[in-house]
Every structure is written in structure tokens, then in C-alpha cells.
Amino acid sequence: MIKGLYVHIPFCNIKCPYCDFTSFVWQENSLKERYVENLKKELKFYSDLDFNLETIYFGGGTPSVLESKLLTNFIEYIKRNIKTSSTLEITVEVNPKTYRYEDFKLLKESGVNRISLGNQSFLDKNLISLGRDHKPQDTIKTVEDCKKAGIENINLDLIYGIQGQTLQDLEKDLEIYTSLPITHVSAYLLTAYEDTPLGVLVKNGSYNLPDEDTTLKMFELIDEYLESKGFYRYELSNWSKKNYECKHNIFYWTDVEFLGLGVSAWSYVENLRFGNTKNINEYMELVEKGIKPVKFTEKLDEVKKREEKIFLSLRLRSGLDLEFVKDRDILEELVKEGYGFIENGKFVLLPKGLMVINEIAVRLF
């Protein structure tokens, strides 16, 4: 049964130098309107699937570069055509310079009850280093407008591991984050992906990322500070106040079926993982011809499912069931090395282990 729906909106006002998602700068509304019409057509391709949607997540790109009325019309279309739960969680990712009170009011009326703000930092030097186009006051105003419109569930993204960032800088950011009336923080380590402008700068030595010891200290600071302020870490990169976990993202980590719409979107249905083309022109042409824009498929056998279960469970605060670990000696070694601990029949990673989660997952495979 499909419980989650992801919708990819690839448009942005600027392209951030660290971003490796499928997105591009486009201002013309006609293409955006055509794209949304194609999202509707693509959804119809899957009308034979068994839906009971508990979450809808608009990611990108920047969904808030769409006119709010265009976005809410599409939300209403989804709810008219797909079975949804009475407790539907609808998240929209928003750039702090885009939507304001009237937009959030429209979103609230259409059922949107969760906003995720791409803030990244409240320090001007960090925003400049990251190539962001907003100011700290833009985020504060956006949070105020969300609350005024009646949207209580608000996430702020935080990026750490920025060139020149100190632990004092990070603590100052955390002070501001936790002073705001938000319910969730997503904190991501800045990563220099190979085909991004940041990746090029790091490769040629023009941008220096902190070493592993420093990033571990940063993660520990984030974890300890947020938990002291009532934000509980339930996943590698996510902290929330009680009962404000992102239900949609939890689906990704707990083997729940979901459908993805739009260019580059991925889906997981009946042990089949499949992804759409990353080329927006190809996406448009295929959908308009009545053809599913799927370009990548992978059938998950039992071995692959076990590997995914190990990796995804390690991300979670709840940990990995020991039944999925064949070699208990490896677990004992990981515990002795300070990477994690065993509790209530589960192996749970400590911050030191979370920083090398890929290597640990490979050892457990």
C-alpha cells in the first residue's frame, strides 16, 4: 500500500554551489504551469495502485518558487483523485525569500501542515560561503508568517562543516534556532559532491572543509545542544520536539511504500525501486505522450533488502534489530571501539559511529 507521495519541484531562483539535486534556475511561469499539469498526468499513470496516503512531501529544487495558488490547486487535485488519511501530513519546502503570510494562509487552507525552511544558518558569513540568497531576517519573518497563518509544525535546515566555521559560530546558530518557535531541525554536514561548483573548489584547494575530528565535535555539539532544548534526535540528521517527527521521511527509513512524481523522483513499490529521468525536457515529452518517465529500476531481492534494512536502521535512534546481524563478533568489536552500544535487542550507533555509518554498514553486510 502506498502511504507516502513525494513530488519533486525542480525550479530555483538561484542554484546553490553545494546542491547536487536535480534543479535549475527558471523564472517563466508557463513552464512551471506545464510541469504541474504533467505531474497530474503522471499521477494518473498510477491510478491502479493501492493508495492510503498518510504523507505528501513537496521537495526540490524550491517548491515555493511556484505561485502558491498553483501549488494549492495541485494539492486539491491529489486529494480529489487519491485516497488520503484523515491525519494527512503535507510538507512543503520553502526558501525564506519566497512565501509570506497570504501564501501560507492559502497553503494552510489546502491542508498543508508542515513547512521546511532552507535556512542553513543565521550567520551572514556562512550564508555568503554557502551562496545563499536570503538574509537571517527573511527566515525570522517566514517563521512569523507561518505561525500567523496557523502552521505550527516548522522545520529549519542547518548546515555545518562550512569553511571557517568554528564551534562558537555553530553554538551561536543553535542559540538562534532554539529561540524560535519551531518544532524540528534537520542538520546536514556540508558535502562536496563531485559535479557541483563546491566540489570543484574543494578539489582544487580553494575551499577547505574541516577535518573529521572537527566535524565529529560539531555533530556532538548539535546533538547535545538540541537535546538540552527539548529536540530529540530520532535519525542521523533530524531532531524534533515530542510528536513532531517527520512522518514522511520515517517512511523512507522503515520499508514503507511510497510513490515519487516529477523529474528525478524515486519510488518504492512492491519491492521495486524505480526512478524517473533527470532530464526535464525528456520528462515532459514522455508524460505528454502517455509514457511513464521511468529510466531506472531495481528489484530488491532478500540480500539487497537485508543490506538496506541494516543501513537504514543504523540511521535511526531506535537502532538495528540484532536478528539482521549474522556475525555478532563484529558487533562486539564495534562496541569495544566506541562506535555504538547494544540495548533491548538492538544495536544503536553513537555519534562517533554515525560519522562513519557507511563503513560500519559495510562491515555488518
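Residues numbered from 1 in each chain as written. Predicted model: local features only at pLDDT ≥ 70, side-chain atom pairs only at ≥ 80, totals over all residues. Heavy atoms only, no water.

**Re the packing of helix H6 (residues 167-179) against helix H8 (residues 212-228)**
This is how it is decided: Here an axis means a line fitted to C-alpha atoms, over the contact stretch when the element is a helix, while the angle between two N-to-C directions is reported on a 0 to 180 degree scale. In this description a helix means any DSSP run of H or I spanning at least four residues, a strand means any run of E spanning at least two, and both kinds are numbered starting from the N terminus. In these notes the angle categories are as follows: under 35 degrees is roughly parallel, over 145 is roughly antiparallel, 65 to 115 is roughly perpendicular, and the rest is oblique. We call a crossing left-handed when the near helix sits turned anticlockwise from the far one by less than a right angle, and right-handed when that turn is clockwise. Residue contacts are defined here by distance: any two heavy atoms, one from each residue, within 4.5 Å place the two residues in contact.
Axis separation between H6 and H8 bottoms out at 10 Å; the angle between their running directions is 25°. One finds that H6 runs roughly parallel with respect to H8. The interaxial crossing formed by H6 with H8 has right-handed handedness. For the pair H6 and H8, the contacting residues are Leu-167, Leu-170, Glu-171, Leu-174, Glu-175 and Thr-178 in the first and Lys-217, Met-218, Leu-221, Ile-222, Tyr-225 and Leu-226 in the second.

**Section: helix H5 (residues 136-149)**
The criterion, for reference: Here, expected helix span is obtained from the residue count minus one, scaled by 1.5 Å. Only protein chains enter the accessibility calculation, which uses a 1.4 Å probe; a residue is then buried when its area is under 20% of its type maximum, exposed when over 50%, and partly exposed in between.
Under the 1.5 Å per step criterion, the end-to-end length of H5 is 20 Å for 14 residues, consistent within 8% with the ideal 20 Å. Among all positions in H5, only Pro-136, Asp-138, Thr-139, Thr-142, Val-143, Asp-145, Cys-146 and Ala-149 are buried. Against the buried residues of H5 lie helix H3 (101-110), strand S6 (114-120), helix H4 (124-130) and strand S7 (153-160). With its phi angle positive at about 95°, Gly-150 sits one or two positions after the end of H5.

**Notes on the side chain of Thr-91**
With respect to the element layout, Thr-91 can be found in strand S5 (residues 84-94). Setting aside chain neighbours within four positions, we find Thr-91 in contact with Ile-56, Tyr-57, Phe-58, Arg-114 and Ser-116.

**Remarks on the pattern of salt bridges**
The line we're drawing: One side-chain nitrogen of Lys or Arg within 4 Å of one carboxyl oxygen of Asp or Glu is enough to make a salt bridge.
In the structure shown here, the tally under the stated rule is 16 salt bridges. Close ionic contact of Lys-40 with Glu-37 constitutes a salt bridge, the shortest N to O distance being 3.2 Å. Linking Lys-40 with Glu-37, this pair stays in helix H1 (residues 29-45), spanning three residues, or about one helical turn. The residue Arg-363 makes a salt bridge to Glu-337 at a minimum N-O spacing of 3.3 Å. Of the two residues, Arg-363 sits in helix H14 (residues 357-364) while Glu-337 sits in the loop between helix H12 (328-336) and strand S16 (340-343), which places them 26 residues apart along the sequence.

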